There are 2 protein chains.
Amino acid sequence: MSQHRPPGAPERPVAVPALPDLPEATVARLPEYLRALHNLAENGHDTVSSEWLATAAGVNSAKLRKDLSHLGSYGTRGVGYDVALLIDQIEYVLGLTQRRTVALVGVGNLGHALAGYDGFATRGFRIAALFDADPVRVGEEINGLVVRHVDELSRVATEESIAIGVIATPAAAAQRVADRLVAGGVTSILNFAPCVLSVPDGVDVRKVDLAVELQILSFHEHRKASLTALPAVGEAPLTPLPGNLAATDPQEAIGT
Amino acid sequence: MSQHRPPGAPERPVAVPALPDLPEATVARLPEYLRALHNLAENGHDTVSSEWLATAAGVNSAKLRKDLSHLGSYGTRGVGYDVALLIDQIEYVLGLTQRRTVALVGVGNLGHALAGYDGFATRGFRIAALFDADPVRVGEEINGLVVRHVDELSRVATEESIAIGVIATPAAAAQRVADRLVAGGVTSILNFAPCVLSVPDGVDVRKVDLAVELQILSFHEHRKASLTALPAVGEAPLTPLPGNLAATDPQEAIGT
DNA sequence: CGCGATTTGTGCGTGTCTTCACAAGCGCTT
DNA sequence: AAGCGCTTGTGAAGACACGCACAAATCGCG
Ligand SMILES: NC(=O)c1ccc[n+]([C@@H]2O[C@H](COP(=O)([O-])OP(=O)(O)OC[C@H]3O[C@@H](n4cnc5c(N)ncnc54)[C@H](O)[C@@H]3O)[C@@H](O)[C@H]2O)c1
Ligand SMILES: NC(=O)c1ccc[n+]([C@@H]2O[C@H](COP(=O)([O-])OP(=O)(O)OC[C@H]3O[C@@H](n4cnc5c(N)ncnc54)[C@H](O)[C@@H]3O)[C@@H](O)[C@H]2O)c1
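Everything numeric here is computed off the predicted structure, so don't read it as measured data.

1. Considerations on the domain arrangement of chain A
Part 1: If you check the domain split of chain A, you get domain 1 (24-93), domain 2 (100-208) and domain 3 (211-256).
Part 2: Centre-to-centre, using C-alpha coordinates, domain 1 of chain A lies 31 Å away from domain 2 of chain A.

Listed below in structure tokens is the structure:
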């Protein structure tokens, strides 16, 4: 991807002197634009209108234009955006011009899936090390990488200049792991464990929690059901009346 | 969890007549509060102050109080919130008083991890069916569930009153799967495939994209590096100068 | 060379979210 | 029974995000 421009051209129409400080909401959308742009590039498009790109990314076109305007003016009025150029710009801003190294900690159920995920490599990242605490797992080879013991984490993170740490251990171990990552100089962490991490200033943590996503969906289900209250969908005993909260709760022990 | 109250008590101090319409931002935080509350309950606390709970959930205490105030007044001034009561309230609002059924589509790398995840069961959900298109996988038994062919998806979803569909197929197949889920009456979808889904009004889609998370972290890394430009941390060749954009990109085909 | 069709970039009104700061309320102690 | 310390619930202000709508810019065509 993105070997546009004839090899011997004068090049560098690009001009991003310093990083503009983008609204956080914009930053969160840029990866989506980037993905859509890569799809377009594959399909042979070399320019795209804000309308088209916005649709492909699932957002409002005005929002998209405003987002892109924060990077500078890389569109052409009456024409649209140059796909290849825009890819370069977004990749530059996101810091994807250098492939970032990732350390994955916790090679269990989820960790295995992540370790084998090619979306890492194809979108700007390289898994450089795997760690686990379980002696059985240590030494195992996955995708050409040998699982190391978590005691080596800080040292290896420093040595290999790990940029991002991914935590896929049980919640109980997550804080300890985070501490070791920080000790190893890692300043960005992606946390899959359902717990809040406390880290020093300057360290960014993002959290992905499957159960949270499901619970948000559950809320909307609940909401939809309570609106359709009269028609009685038949989907659920929909109880908007308070009185059986604990009654409908034969489950127990929602643990750490 | 949540068998508080002596079995023979008069009970029902609870009073949530109808679903208040909560700000979306609040809804997104409630699951986090709920998790923190369950932890507290396990550790034997029966009341908690907004300050404490806010810290446990990683948010500002004023924000937490405002969030909870949307559910009604379930705190006691000078004391705090009753942990058990608050758990019931949040679970009620999130619609977790009935266990929601989940269908998982795409039992590959990631799907296997999800199917084996106990966080589903412990936090209000039940995987009721697994689907895949690969004949090799169909028939496989995972955790007591037999993988069915995706052609059965719509029918089974209807029959089993599936509340939430989880898509863990390649991006190319995701839209088709979403269509079948919708056809089966599913109105909530959690999508792990990196693509936008188009669904009818009334259907909620949430997306989890690992690469997006990493790219957001990458942006902040880039940002931090460009701020520390002079001190030259030694962590990376930090190139704030544009000039090697396409040069560092020998990868290709990020595809549908 | 000029005109019309097209599409970007953005000023501005609107709504949502966050945060501060404090009055009101509760329980405990004296 | 009154006072005191503590914590909730919320009004108001500020910050942020969104989306409309349009002027400015560009291209293609006659
Ligand atoms: N499996 C899923 O689909 C899924 C989905 C969302 C979130 N999660 C979360 O991801 C985390 C991992 O889930 P899982 O299903 O892979 O669990 P798992 O038990 O299968 O794997 C956890 C791994 O972490 C290792 N580990 C434990 N303590 C460690 C430590 N101190 N240092 C390094 N490694 C350590 C274990 O040896 C094990 O290999 C959990 O917090 C879980 O809640 C899992
Ligand atoms: N593996 C990860 O860690 C990870 C992380 C984030 C996102 N994802 C995304 O999740 C999705 C799945 O990833 P994966 O690594 O498990 O891939 P995978 O190839 O291992 O699994 C995909 C599964 O989907 C099945 N499938 C294909 N077409 C189907 C269809 N039409 N209907 C039903 N099933 C179908 C395949 O048979 C296969 O079993 C991908 O979109 C990937 O980008 C994966």
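From this point on, the discussion continues.
2. A few points about the packing of aromatic side chains
Residue and element names in this part refer to chain A.
Part 1: One pass over the structure, following the stated rule, counts two aromatic pairs over all chains.
Part 2: Note on Tyr 117 and Phe 120: the rings are 6.2 Å apart at their centroids and 65 degrees apart in plane angle, and the pair reads as edge-to-face.
Part 3: By relative accessible area, Phe 120 is classed as buried at 4%.

3. Comments concerning the sheet that holds strand β1 (residues 47-48) of chain A
All names here are of chain A.
Part 1: With antiparallel pairing, three strands are arranged side by side in an open sheet as β1-β3-β2. Both outer strands of the open sheet, β1 and β2 (75-76), are each paired with one neighbouring strand and no more.
Part 2: Taken together, the two bridges between β2 and strand β3 (residues 80-82) define a ladder with antiparallel strand orientation. Bridged to Thr 76 within β3 is Gly 80.
Part 3: Contacts from helix α4 (residues 83-93) reach β1 and β3 within the one sheet, and its direction differs from that of β3 by about 70 degrees.

4. Considerations on the protein's contact with DNA strand D
Part 1: Around DNA strand D, 27 residues are found, and the nearest of them are Lys 66 and Arg 77 of chain A together with Ser 50, Arg 65 and Tyr 81 of chain B.
Part 2: Of everything in DNA strand D that lies within 4 Å of the protein, sugar and phosphate atoms constitute 65%.
Part 3: Taking Lys 66 of chain B, its side chain carries an N or O atom lying 3.0 Å from a base nitrogen of DNA strand D.
Part 4: Elements with a minimum of two residues in the surface near DNA strand D: α1 (24-42) and α3 (61-69) of chain A together with α3 (61-69), β2 (75-76) and β3 (80-82) of chain B.
Part 5: Sorting elements by how many residues they give to the surface near DNA strand D places α3 of chain A first, with four residues.

5. Re the side chain of Asp 67 of chain B
Part 1: Looking at the element boundaries, Asp 67 of chain B is found in helix α3.
Part 2: Reaching out from Asp 67 of chain B, the side chain makes a polar contact with the side chain of Thr 26 of chain B at a distance of 2.7 Å.

6. As for the site of ligand 2
Part 1: Taken together, 24 residues are adjacent to ligand 2, and Tyr 117 of chain A together with Asn 109, Leu 110, Asp 132 and Thr 169 of chain B come closest.
Part 2: Near ligand 2, the surrounding residues are drawn from chains A and B.
Part 3: Tyr 117 of chain A is positioned with one of its side-chain polar atoms (N or O) 2.9 Å from an oxygen atom of ligand 2.
Part 4: Between an oxygen atom of ligand 2 and a side-chain N or O atom of Asp 132 of chain B, the distance comes to 2.5 Å.
Part 5: Contact with the protein chains removes 81% of the 810 Å² of surface that ligand 2 exposes when unbound.
Part 6: Among the elements of the structure, α5 (109-115) of chain A together with α5 (109-115) and α8 (171-183) of chain B are those that each provide at least two residues to the shell around ligand 2.
Part 7: Here the element with the most residues in the shell around ligand 2 is α8 of chain B; it accounts for three residues.

7. Section: unusual backbone geometry
Part 1: Phi at Asn 143 of chain A takes a positive value of approximately 55 degrees, unusual for a residue other than glycine.
Part 2: Checked against the element boundaries, Asn 143 of chain A lands in the loop between β6 (141-142) and β7 (145-149).

8. A look at the protein's contact with DNA strand C
Part 1: Residues in contact with DNA strand C amount to 27 residues; listed here are only the nearest, Ser 50, Arg 65, Arg 77 and Tyr 81 of chain A together with Arg 77 of chain B.
Part 2: In DNA strand C, the atoms that sit within 4 Å of the protein are 65% sugar and phosphate, with bases accounting for the remainder.
Part 3: Backbone polar atom of Ser 50 of chain A to a phosphate oxygen of DNA strand C: 2.5 Å apart, as the coordinates give it.
Part 4: A distance of 3.4 Å is found between a phosphate oxygen of DNA strand C and a side-chain nitrogen or oxygen belonging to Lys 63 of chain B.
Part 5: Elements with a minimum of two residues in the surface near DNA strand C: α3, β2 and β3 of chain A together with α1 (24-42) and α3 of chain B.
Part 6: Counting residues per element, the surface near DNA strand C draws most heavily on α3 of chain B, at four residues.

The rules behind the values
Residues numbered from 1 in each chain as written. Chains lettered and ligands numbered in written order. Predicted model: local features only at pLDDT ≥ 70, side-chain atom pairs only at ≥ 80, totals over all residues. Heavy atoms only, no water. Domains from an automatic or database assignment. Phe/Tyr/Trp six-rings, centres within 6.5 Å; stacked < 30°, edge-to-face > 60°. Buried < 20%, exposed > 50% of the residue type's maximum accessible area, 1.4 Å probe, protein only. Pairing = 2+ DSSP bridges. Helix = DSSP H or I, 4+ residues; strand = E, 2+ residues; numbered from the N terminus. Contact = heavy atoms within 4.5 Å. Axes fitted to C-alpha atoms, helices over the stretch in contact; angles between N-to-C directions. Near = heavy atom within 4 Å. Polar contact = N/O pair within 3.5 Å; in protein donor to acceptor, adjacent residues only side chain to side chain. Areas by Shrake-Rupley, 256 points an atom, 1.4 Å probe, with all protein chains shown as cover.

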